[in-house]
Structures are given as structure tokens and as C-alpha cells.
Amino acid sequence: MKKQIKGSLYLLLATTIWGFAFIAQSVGMDKIGPFTFQAVRCALAVLFLIPCSFLMELRSCGVRESAEKWKNPTLWKVGLICGCALFVAASLQQVGLVYTDAGKAGFLTAMYIVWVPVLGMFLGQKPPFTIVFSVVMAVVGLYLLSCMGVTQINKGDLLISGCALAFAVQITCIDKFAGELDGLRLNCVQALVVTVLSIPFMLLTETVNWGDVLACWKPLCFAGILSMGVAYTMQVNGQKSLEPTTASLIMSLESVFAVLGGWLILGETMTPWETTGCVLVFAAVILSQLPTSIFRKKA
């Protein structure tokens with residue numbers, strides 16, 4: 001029970017950070033490109049997590065023993081798998097934020113909760129019947145949230161929708177492969193993978209101005225140290241002690257904090273149709289994770 005409470009608190013704090021990180025990502029890209037932001041952000045996370053891995057183990061083991069834990073081949077294999085999935089997800093999200101606002105992006109990203117049970121089907125897991133209603137409701141919500149006209153859809157919304165699927169893959173990979181691996185080290189490896197993969201795109205598609213990068217140090221530090229460094233480590237550790245359904249439901253609250261942050265900090269507003277779409281998407285997220293037993297009549 002204590003582990004479950006601890007895991008729930010980990011995920012709740014992580015989703016709070018992620019929700020407000022949408023604001024940092026959106027503000028940061030006023031001056032620098034999406035891949036520049038992502039590369040620097042994840043590099044900061046790596047630089048933060050490596051010394052943390054040693055400092056947190058000073059009492060339990062020596063520096064040499066702590067360094068030996070980095071040589072675990074399984075850590076690097078799983079980190080590479082999760083890191084590639086995270087790179088795709090984070091890249092689609094980062095570029096999508098150029099064309100859509102933070103609040104809408106938060107709700108669209110929350111669609112990964114709907115995709116998680118769908119991916120479970122390919123792993124032999126039978127999804128609850130509520131997933132059918134969830135998908136229909138989510139599609140209607142996405143239409144209301146993303147449509148700019150009868151035949152036109154915001155390309156940023158499409159990119160964020162793709163990022164939701166990639167995040168679902170990353171969540172599934174952590175649930176399947178993380179096991180007893182150290183959460184901090186695993187997150188550090190996946191952050192390193194995202195950094196390495198982001199650099200070529202940064203150099204080929206963007207002009208890097210280090211003066212502008214330094215001017216964005218506040219959103220970069222928030223998104224790098226807190227969101228990528230702290231929150232993703234909490235995600236790995238939180239998922240270990242909770243059922244996937246409970247963990248996913250808690251993580252879906254990220255969208256609420258994103259909208260709250262957009263309203264409080266950026267002064268963003270949404271049309272009635274977009275608001276209705278947000279409500280439907282969030283309802284689909286919750287419905288997809290409810291146990292089917294609550295809908296059955298008692299014998």
C-alpha cells in the first residue's frame with residue numbers, strides 16, 4: 001500500500017511538471033528552433049542526472065560501485081529502445097507546439113492514454129469494451145478540437161496527435177522492459193539518446209544562435225532539469241509500483257495542468273467548440289481506463 005501511494009505521488013508530481021512544461025516549451029521556441037530546444041533541454045537533463053546518480057548513492061555504496069552500475073548492458077538496451085520512442089514523441093510534440101497552443105497540445109497529448117490499451121492488444125492483452133466508446137468519443141473530440149474549417153485541420157494538431165501514439169509506445173516499453181532497472185539511470189540514458197538524435201536535425205534544419213539559447217535559459221532549465229530530468233525519472237519509478245490503468249489515469253491529468261498553465265501564464269482562451277472537444281477527449285481518456293466491472297449489474 002505504501003508503494004502504491006508513493007508511486008501515485010511520483011506520477012502526480014510528474015504530471016504537474018509536464019503540464020506546466022508545455023508553457024516552457026512554447027515560450028522557449030519564441031527565440032530558438034524546436035530541435036535546438038530539444039537537444040539543449042535533454043543535454044541539460046543528462047548533465048543533471050549523472051551527478052545525481054552518484055550523490056544519491058554516497059551512503060549506500062562508493063563511487064566505484066556506483067560507476068559499475070552504468071555498465072549494465074540491459075540498462076543501455078532498454079534506454080536505447082525507450083529513448084528512440086521518446087525522441088519521436090518529443091520531436092512531434094516540440095514541432096507541433098510551433099503551430100498550436102499549449103492548452104490544446106496538452107489535451108491532444110493525453111490521447112496516449114487511449115492508445116495504451118490499443119497497443120496492449122498486440123501484446124495479447126484483451127482491452128475492455130469501454131475502449132470502443134473511448135475511441136469514438138476521442139475522435140469526435142479531436143475533430144472539434146482540431147478543425148479550422150470544413151476541410152482544413154491545423155497541422156500542429158496532427159503532429160501532436162502523432163506524438164500521443166509515440167508516447168503510448170514509450171509508456172508501454174517502460175512497463176514491459178524497465179523491470180528492476182534504476183529509474184534515474186534509465187531516464188538518463190533515454191535523455192542521452194534523444195540528445196544525440198536531435199543534434200543532426202538541429203544542425204541541418206535550424207540556425208543555432210547561442211545568444212538566443214542563453215536568453216532562453218529559464219524555459220530550458222525548467223523543461224530540461226525539471227521536466228526531462230526529474231519528471232521522467234518519477235514516471236519510470238512510479239510505473240513500477242502501480243497498475244498500468246491507475247498509472248495512466250494519473251498521468252492523463254497532465255492535460256488539465258497544461259490548460260491551467262496556458263490560462264494562468266499565457267492568457268490563452270479557447271472557443272466553445274474547442275472547449276467541448278477538450279471535454280470529450282478528456283472524458284474518453286478517463287472512460288478508456290475505467291474497469292468494466294463498474295458497468296456490470298451485480299448478480
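These lines cover the structure that appears in this document, whether it is placed above or below. Keep in mind it's a predicted model, so treat the numbers as computed, not measured. (Residues numbered from 1 in each chain as written. Predicted model: local features only at pLDDT ≥ 70, side-chain atom pairs only at ≥ 80, totals over all residues. Heavy atoms only, no water.)

Description of the overall build of the protein
Tallying secondary structure elements over the protein gives 14 helices and 0 strands in all. By the burial criterion, 49% of the 299 residues in the protein qualify as buried. A separation threshold of at least 6 residues defines the contact pool for the protein, and within that pool the share at least 24 residues apart is 89%. Per element, the accessible surface of the protein, about 14,800 Å² overall, is 70% carbon and sulfur. (Helix = DSSP H or I, 4+ residues; strand = E, 2+ residues; numbered from the N terminus. Buried < 20%, exposed > 50% of the residue type's maximum accessible area, 1.4 Å probe, protein only. Contact = heavy atoms within 4.5 Å. Areas by Shrake-Rupley, 256 points an atom, 1.4 Å probe, with all protein chains shown as cover.)

Structural notes on the pattern of salt bridges
Pairing is possible between side chains of opposite charge, provided their charged atoms come close. All told, the structure shown has 2 salt bridges when counted by the stated rule. Among the salt bridges present, the one from K71 reaches E68, with a minimum N-O distance of 3.1 Å. Residue D182 is joined to R185 by a salt bridge in which the shortest nitrogen-to-oxygen separation is 3.4 Å. (Salt bridge = Lys/Arg side-chain N within 4 Å of Asp/Glu carboxyl O.)

Points about the packing of aromatic side chains
One pass over the full model with this rule turns up 4 aromatic pairs. An angle of 40° between the planes, with centres 5.7 Å apart, marks the rings of F87 and F201 as tilted. With F87 in helix α4 (residues 73–96) and F201 in helix α9 (residues 183–205), this residue pair connects regions lying 114 residues apart in the sequence. A relative accessible area of 39% places F201 in the partly exposed class. An aromatic cluster of three or more residues is present, and its members are F35, F87 and F201. (Phe/Tyr/Trp six-rings, centres within 6.5 Å; stacked < 30°, edge-to-face > 60°.)

A word on a nonpolar patch on the surface
Together, I5, L9, L12, L253 and V256 make up a nonpolar patch on the protein surface, roughly 390 Å² of accessible area in all. With 3 residues, the top contributor of residues to the nonpolar patch is helix α1 (residues 2–28). One can find L253 in the loop between α12 (244–251) and α13 (254–266). (Patch = residues over 30% accessible without salt bridge, like charges linked within 9 Å, V, L, I, M, F, W, Y side chains within 5 Å.)

Topic: the nonpolar core
With 70 residues, the main nonpolar core has M111, Y112, F167, L220, M228 and M251 as its most contacted residues. Leave out the neighbours within four places in its chain, and M111 touches A138, L142, A164 and V281. (Core = buried A, V, L, I, M, F, W, Y, C linked by side-chain atoms within 4.5 Å.)

Remarks on the layout of surface pockets
Each pocket or cavity is described by its volume, and for the largest pocket that value is around 630 Å³. Along the walls of the largest pocket sit 24 residues, with K6, Y10, D182, G183 and N237 positioned nearest its centre. Taken together, the elements giving at least two residues each to the lining of the largest pocket come down to α1, α2 (34–55), α9 and α11 (217–240). Among the elements that make up the lining of the largest pocket, the one with the highest residue count is α11 (6 residues). Looking at the lining of the largest pocket, its residues break down into 9 nonpolar, 8 polar and 7 charged. (1 Å grid on protein atoms, 1.4 Å probe; cavity = no way out; pocket = protein on both sides within 12 Å on 5 of 7 lines; lining within 4 Å. Points joined across faces, edges and corners; volume = space filled by probe spheres on them. Nonpolar A, V, L, I, M, F, W, Y, C, P; charged D, E, K, R; others polar.)

A look at α4
Since the α-helix advances by 3.6 residues per turn, residues separated by three or four positions end up pointing in the same direction. Its 24 residues give α4 an end-to-end C-alpha distance of 34 Å, which sits within 8% of 34 Å, the value for a rise of 1.5 Å per residue. If you check the start of α4, you find a side-chain oxygen 3.0 Å away from the backbone N of T74, and it comes from N72. (Expected span 1.5 Å × (residues − 1). Polar contact = N/O pair within 3.5 Å; in protein donor to acceptor, adjacent residues only side chain to side chain.)

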